[in-house]
2 protein chains.
Amino acid sequence: MTTEQDVSEKRDTIFIGKKPIMAYVTSTLIQLANLPSVRIKARGMSIGRAVDVAQIISRKTENVGYTIGQIQIGSEALESQDGRTRNVSTIEIEVKRT
Amino acid sequence: MTTEQDVSEKRDTIFIGKKPIMAYVTSTLIQLANLPSVRIKARGMSIGRAVDVAQIISRKTENVGYTIGQIQIGSEALESQDGRTRNVSTIEIEVKRT
């Protein structure tokens, strides 16, 4: 039981993929109940969705008081199927308790 | 001539739309030749492309030294065709001379 809790406490990053957007909003809110700050990460086509998740949380929880913290962008080199290296953009948005 | 220059000098914001990505990279670089900092703005589906533009510029101009500055996210209320109000996420990325 303790080990399980330890693991979930360390999961301070939410990776945005292809699930419905509210699934990521829920995951982020659950993590924010335990942690002072959570990072929402995405790359490529999912970047817009990461911004949506952060915005939904900050809009809908104005009274509880979660706000957007640091935002970082970057790029990662990915090898595509034809063997060439492509750069894909990344974003990391911090959501934190005020 | 002076008036035209004044107008172009004030255009410190590049709005990302549906043109090929390198068109926005070029526009941003032209503005950065005249201004100390330029803001790349996008909303909705174009947010990922705004990050791409900023990343291409910071990666390809390492020696000249343009870097990513402040990044802000937000949302705007848009009225859709059926009359309902929808929120659309926005991003604003500052690119500046080092």
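Everything numeric here is computed off the predicted structure, so don't read it as measured data.

Engineer: Explain the sheet that holds strand β3 (residues 66-79) of chain A to me, please; I cannot follow it from the model alone.
Structural biologist: Strands pair in a sheet through their backbones, by hydrogen bonds, and they do so in one of two ways: parallel or antiparallel. Across the sheet, which stays open at both edges, the four strands sit in the order β1-β2-β4-β3 (chain A) with mixed pairing between neighbours. Two strands close off the open sheet at either side, each with one partner strand: β1 (13-15) and β3 of chain A. Between one strand and the next, the sheet's axes are offset by a mean angle of 20°, whatever the strand orientation. Pairing of β1(A) with strand β2 (residues 37-43) of chain A, which is carried by three bridges, proceeds in the parallel orientation. Each bridged residue has a counterpart across the sheet, and for A:Thr13 the counterpart in β2(A) is A:Arg39. Across the sheet, helix α3 (residues 47-60) of chain A touches β2, β3 and β4 (85-97) of chain A, and the angle it forms with β4(A) is around 5°. Packed onto the sheet, helix α3 (residues 47-60) of chain B meets β3 and β4 of chain A and runs at close to 65° relative to β3(A).

Engineer: Whenever I open this one, the pairing of strand β4 (residues 85-97) of chain B confuses me. Can you help?
Structural biologist: Working note: regular strand, side chains alternate between the two faces of the sheet. Residue and element names in this part refer to chain B. Bridge analysis of strand β2 (residues 37-43) against β4 gives seven bridges, and the strand direction is antiparallel. Residue pairing for β4: Val38 is matched across the bridge by Val95. Note: strand β3 (residues 66-79) against β4, twelve bridges, orientation antiparallel. Residue pairing in the sheet places Glu76 in a bridge with Val88 of β4.

Engineer: How should the interface of chain A and chain B be read in this particular structure?
Structural biologist: Often the size quoted for an interface is simply the accessible area lost on bringing the parts together. The partner chain B presents 18 residues to the 18 residues of chain A that form the contact. At the boundary of chain A with chain B, total buried surface from both sides reaches about 1300 Å², with 62% on carbon and sulfur atoms. Among the residues of chain A in contact with chain B, A:Gln55, A:Ile71 and A:Ile73 are the three that bury the most area, contributing 38% of the side total. Where chain A touches chain B, the interface holds zero salt bridges. Counting the contacts that link chain A with chain B gives six residue pairs in polar contact (both at pLDDT 80 or more). For the side of chain A that touches chain B, the secondary structure elements donating two or more residues are α3, β3 and β4 of chain A.

Engineer: What is the right way to read the relation of the copies chain A and chain B from this model?
Structural biologist: What relates the two chain copies is a rotation about an axis together with a slide along it. For the pair chain A and chain B, the superposition axis carries a translation of 0.0 Å, the fit reaches an RMSD of 0.0 Å, and the rotation angle comes to 180°. This pairing of chains is accounted for by a two-fold axis. When the interface residues of chain A are mapped onto chain B, 100% of them are again interface residues, pointing to one common binding face.

Engineer: Would you take a moment to explain the confidence of the model for chain A for this structure?
Structural biologist: Low pLDDT marks regions whose predicted coordinates should not be analysed in detail. Residues and elements named next belong to chain A. Chain-level pLDDT for chain A is 87 on average; 90% of the residues reach the 70-or-more range. Note on residues 1-9: pLDDT under 50 across the span, and two contacts to partners over four residues away in sequence or across chains. Per the prediction output, this complex has pTM 0.84; the corresponding ipTM is 0.80.

Engineer: I tried to follow the nonpolar core on my own but got confused; where do I start?
Structural biologist: One broad trend across soluble globular proteins is that nonpolar side chains are buried collectively. If you look at the biggest cluster of nonpolar residues, it comprises 44 residues, and the most contacted ones within it are A:Ile91, A:Ile93, B:Ile91 and B:Ile93. Among residues more than four places away in sequence, those in contact with B:Ile91 are A:Ile91, B:Ile40, B:Lys41, B:Ala42, B:Ile47, B:Ala50, B:Val51, B:Ile71, B:Gln72 and B:Ile73.

Conventions and cut-offs
- Residues numbered from 1 in each chain as written.
- Chains lettered and ligands numbered in written order.
- Predicted model: local features only at pLDDT ≥ 70, side-chain atom pairs only at ≥ 80, totals over all residues.
- Heavy atoms only, no water.
- Pairing = 2+ DSSP bridges.
- Helix = DSSP H or I, 4+ residues; strand = E, 2+ residues; numbered from the N terminus.
- Axes fitted to C-alpha atoms, helices over the stretch in contact; angles between N-to-C directions.
- Contact = heavy atoms within 4.5 Å.
- Buried area = accessible area lost by both parts, 1.4 Å probe.
- Salt bridge = Lys/Arg side-chain N within 4 Å of Asp/Glu carboxyl O.
- Polar contact = N/O pair within 3.5 Å; in protein donor to acceptor, adjacent residues only side chain to side chain.
- Least-squares fit on C-alpha atoms with pLDDT ≥ 70 in both.
- pLDDT = per-residue confidence, 0-100.
- Core = buried A, V, L, I, M, F, W, Y, C linked by side-chain atoms within 4.5 Å.
- Buried < 20%, exposed > 50% of the residue type's maximum accessible area, 1.4 Å probe, protein only.

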